[in-house]
Structure formats: C-alpha cells, structure tokens
Amino acid sequence: MKAIQAFNPNSGNFLEAAEIDEFAQAYNIDSHHLNLESKLAKRAMIAFKLESINSLLLKLLPLETAFPNLVKAIRIAITIGVSSAHSERSFSTLNRVKNNLRTTLDRQWLTDLCILSIESTSSNNLDLDEVVQKYCSSNINRRIT
C-alpha cells in the first residue's frame, strides 16, 4: 500500500523512487525508466495544485508519450483498490440479498436487487414514485405498439 500511496500528490513520499521500485517490479514495469519519469513528473507537477491520484493522471494523460511507464503505473494503482474491494462487496451483497425468502426470485430480479444494494449510495437518492411512473408508462407504450 505504501507504493500506491506514493502516487498520491498529498503524500509525504509522493513519487519517491524507493516506494515506486517495489510496485514496478510487482507489475512488470521498467523500474529504471519509471524512476526517471517520476523524477521529471514530480518537478513538473509542483506547479499544479493536485488533490488526488486521479488529478495526477489527468495532468499526465496528454503527456503519455513522455511518461508511458508512469501513466501505466498510475492506472494500475488506481484500479487495484477498486477491483478487489468491488468484487468482495459484490459477493457479500449477494449473500445478504439471496436469503431464504428470495430463493424463488428469477435471476434477473436477483441481479437487479444486487445492483441496487451494491450501488446503495445512488439508489438511496432515487425518487421511487418517478421510477415507478416511468416504468409503468414504458410498459404501456410497449403494449400499445
């Protein structure tokens, strides 16, 4: 995790070679070129008020030909946490949703319930009356045509 933290502009070890080397070796990235790119990028990014790894990536994307290894490493660092946490959250959600009462649901309904539970922050903000209204009106339109 220290290596991923090294890509965070607010970190005390921002783009430090010692932290990034281990990450480069683990993900088969040329560590020598990555260290050179990170030193150059660190100097160039000082002028910007970068808030996150995402903002660093957005600044470097137009310069990807100059920093190919660094951009690759940042993309990997961004997706590591999401990919493992998302899959773990999906499985635990499935176990919560699929209980004895819901074993008779068809697969699509179960999938829809899982998505609503996984994306609970978005689904909690939905206006249910509006959703039902749109669903009912779309079903009426399908029956008419």
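So, here is what we can say about the structure in this document. Note that the coordinates shown come from a computational prediction; the quantities given were computed from them, not determined experimentally.

### Side note on helix α2 (residues 17–26)
Turning to step 1, where the next piece is worked out: Regarding α2, the residues found buried are Ile20, Phe23 and Ala24. Burial along α2 is one-sided: seen end-on, the buried residues are contained in an arc of 100°. Exposed side chains of α2 directed beyond 90 degrees from the buried face belong to Ala18, Glu22, Gln25 and Ala26.
Turning to step 2, where the next piece is worked out: Trailing α2 by a residue or two, Asn28 shows a phi angle of about 55°, which is positive.

### A short note on the pattern of salt bridges
Turning to step 1, where the next piece is worked out: Counting across every chain of the model gives two salt bridges.
Turning to step 2, where the next piece is worked out: Here Glu16 and Lys42 are joined by a salt bridge, their closest N and O atoms 2.8 Å apart. Within this pair, whereas Glu16 is found in the loop between α1 (2–5) and α2, its partner Lys42 is found in helix α3 (residues 31–45), the two being separated by 26 residues in sequence.
Turning to step 3, where the next piece is worked out: Under the relative-accessibility criterion, Glu16 is labelled partly exposed at 33%.
Turning to step 4, where the next piece is worked out: Between Arg75 and Glu64 there is a salt bridge whose closest N-O contact spans 3.4 Å. Pair noted here: Arg75 is in helix α5 (residues 68–97) and Glu64 is in the loop between α4 (53–60) and α5, with a separation of eleven residues, a long-range link.
Turning to step 5, where the next piece is worked out: Arg75 sits in the partly exposed class, given a relative accessible area of 38%.
Turning to step 6, where the next piece is worked out: The class for Glu64 is partly exposed, based on a relative accessible area of 31%.

About the criteria used
Residues numbered from 1 in each chain as written. Predicted model: local features only at pLDDT ≥ 70, side-chain atom pairs only at ≥ 80, totals over all residues. Heavy atoms only, no water. Buried < 20%, exposed > 50% of the residue type's maximum accessible area, 1.4 Å probe, protein only. Helix = DSSP H or I, 4+ residues; strand = E, 2+ residues; numbered from the N terminus. Arc of directions from axis to C-beta. Salt bridge = Lys/Arg side-chain N within 4 Å of Asp/Glu carboxyl O.

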